[in-house]
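Here is how the chains run, residue by residue.
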Amino acid sequence: ITDDIKQACAGAKDAVKKAEDAYNRVKDEIADKTKDGLITPAEHKDLEQALDKAKEAKNTAQDQVNKLPAGADKTQLQDQLNKLTDTILPAINDKNSDGIADKITDNINQAITDAKDAVKKAEDAYNKLKDEIADKIKDGLITPSEHKDLEQALDKAKAAKNTAQDSVNKLPAGADKTQLQDQLN
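So, here is what we can say about the structure in this document. (Residues numbered from 1 in each chain as written. Predicted model: local features only at pLDDT ≥ 70, side-chain atom pairs only at ≥ 80, totals over all residues. Heavy atoms only, no water.)

Description of the overall build of the protein
For clarity, the cut-off: In this text, helices come from DSSP runs of H or I with a minimum length of four residues, and strands from runs of E with a minimum of two, each type numbered from the N-terminal end. For the radius of gyration, the atoms used are the C-alpha atoms, and the globule rule reads 2.2 Å times the number of residues raised to 0.38. All accessibility values rest on the Shrake-Rupley procedure with a 1.4 Å probe; residue burial counts only the protein chains present in the view. In this tally Asp and Glu are treated as negative and Lys and Arg as positive; neither His nor the chain ends contributes. Where a charge lies is defined by one atom per residue type, namely NZ (Lys), CZ (Arg), CG (Asp) and CD (Glu).
Secondary structure summary: the protein contains six helices and zero strands in total. For the protein, whose C-alpha radius of gyration is 34 Å, the value lies well above the compact-globule estimate of 16 Å for 185 residues. Here the C-alpha coordinates of the protein stretch approximately 115 × 25 × 20 Å along the principal axes. Of the roughly 12,300 Å² of accessible surface on the protein, 51% is carried by carbon and sulfur atoms. Looking at the protein, you have 30 positive and 37 negative side-chain charges, and the mean spots of the two groups are 2 Å apart.

Quick word on the pattern of salt bridges
Stated formally: When a carboxyl oxygen of Asp or Glu lies within 4 Å of a side-chain nitrogen of Lys or Arg, that pair is called a salt bridge. For each residue, the accessible area found with a 1.4 Å probe, counting protein chains only, is set against the maximum for its type, and the residue is called buried under 20%, exposed over 50%, and partly exposed in between.
Evaluation of the coordinates by the stated rule reveals eight salt bridges. When the shortest N-O distance is used, the salt bridge between D14 and K18 registers 3.5 Å. Here D14 pairs with K18, and both are found in helix α1 (residues 2-33), just four residues apart, close to one helical turn. Owing to a relative accessible area of 40%, D14 belongs among the partly exposed residues under this scheme.

Some words on unusual backbone geometry
Look at S97: it is not a glycine, yet its phi comes out positive at around 55 degrees. Assignment of secondary structure puts S97 in the loop between α3 (72-82) and α4 (102-136).

Regarding helix α5 (residues 144-169)
Under the convention used in this document: A helix's residues, less one, multiplied by 1.5 Å, set its expected span.
The end-to-end C-alpha distance of α5 is 37 Å, a good match for the 38 Å that 26 residues give at a rise of 1.5 Å each. For α5, the complete set of buried residues consists of E146, L150, A153, A157, A160, A164, Q165, S167 and V168.

Regarding helix α6 (residues 175-184)
Operational definition: Arc definition: it is the arc formed by the directions from the helix axis to the C-beta atoms. Contacts were defined at the residue level, with two residues in contact if any of their heavy atoms lie within 4.5 Å.
All of the buried residues along α6 are L180, Q181 and L184. Each buried residue of α6 sits inside an arc of 100 degrees when the element is viewed along its axis, so together they form one side. In α6, those exposed residues whose orientation departs by more than 90 degrees from the buried face are A175 and D182. Elements that come into contact with the buried residues of α6 comprise α4 and α5.

Description of the environment of D4
Summarising the element assignment, D4 is placed in helix α1. Given the relative accessible area of 54%, D4 is considered exposed. Separated by 150 residues in sequence, D4 and L154 place their C-alpha atoms 96 Å apart.

Considering the packing of α5 against α6
Defined as follows: Each axis is a line fitted through C-alpha atoms, taken for helices only over the stretch in contact, and angles between the N-to-C directions span 0 to 180 degrees. To sort the angles, those under 35 degrees are grouped as roughly parallel, those over 145 as roughly antiparallel, those from 65 to 115 as roughly perpendicular, and the leftovers as oblique. Note on convention: near helix rotated counterclockwise from far helix by under a right angle means a left-handed crossing. Clockwise means right-handed. Put simply, Ala, Val, Leu, Ile, Met, Phe, Trp, Tyr, Cys and Pro go in the nonpolar bin, Asp, Glu, Lys and Arg in the charged bin, and everything else, Gly too, in the polar bin.
Orientation of α5 relative to α6, taken along the N-to-C sense of each, is 160 degrees, at an axis distance of 10 Å. The orientation of α5 with respect to α6, classified from their angle, is roughly antiparallel. In this structure, α5 crosses over α6, and the sense of that crossing is left-handed. Residue-level inspection shows K161, A164, Q165, V168 and N169 of α5 in contact with α6, the latter providing K177, L180, Q181 and L184. The residue makeup of the contact of α5 with α6, split by class, is four nonpolar, three polar and two charged.

Remarks on the nonpolar core
Note the cut-off: Joining through side-chain atoms within 4.5 Å is the link that ties buried Ala, Val, Leu, Ile, Met, Phe, Trp, Tyr and Cys residues into a set, and such a set is a nonpolar core.
Grouped together as the largest cluster of nonpolar side chains are 22 residues, with contacts concentrated most on V16, A19, V26, A61, V65, L77 and L81. With nine residues, the top contributor of residues to this core is α1. Aside from chain neighbours lying at most four places away, what touches V16 is A61, V65, L77, Q80 and L81.

Laid out in structure tokens, this is it:
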């Protein structure tokens, strides 16, 4: 019986070592995959698989430790297993795997939408000004009151253009920025 116990103890020690190694591999993979600050769906899947393997190794070791008779070896191995806690995997933050964090992409997309809206408002303000000018010069005369109205409309159009320009200036270089700048020019 002593040889059986020694053999079971050796098998349990080996299984606990394999479990520890598997958990260390998960930690190493997390460190490696988060170097760039991004986690893609594929990287997350790899980490999930590594963690699943580590859990399997721990369960296998736990089964073997449970079979040992009470004693110092069993207590020590159980303590080692208890230290193997599930690692929280980092969340996916680059869903489209483009090398840019989703939050940044979302912020850029929002900035583009805001800039497009601002350019549209500026265009609308200038179109309204043109319509007002056309309407006011129908009779060939511009009264001081009409002139004042046109100056106010021009000020509003300029303010809208300045707001749009500020929005476009904040965009990263690219096709959207170029197109919007062309519209403002």
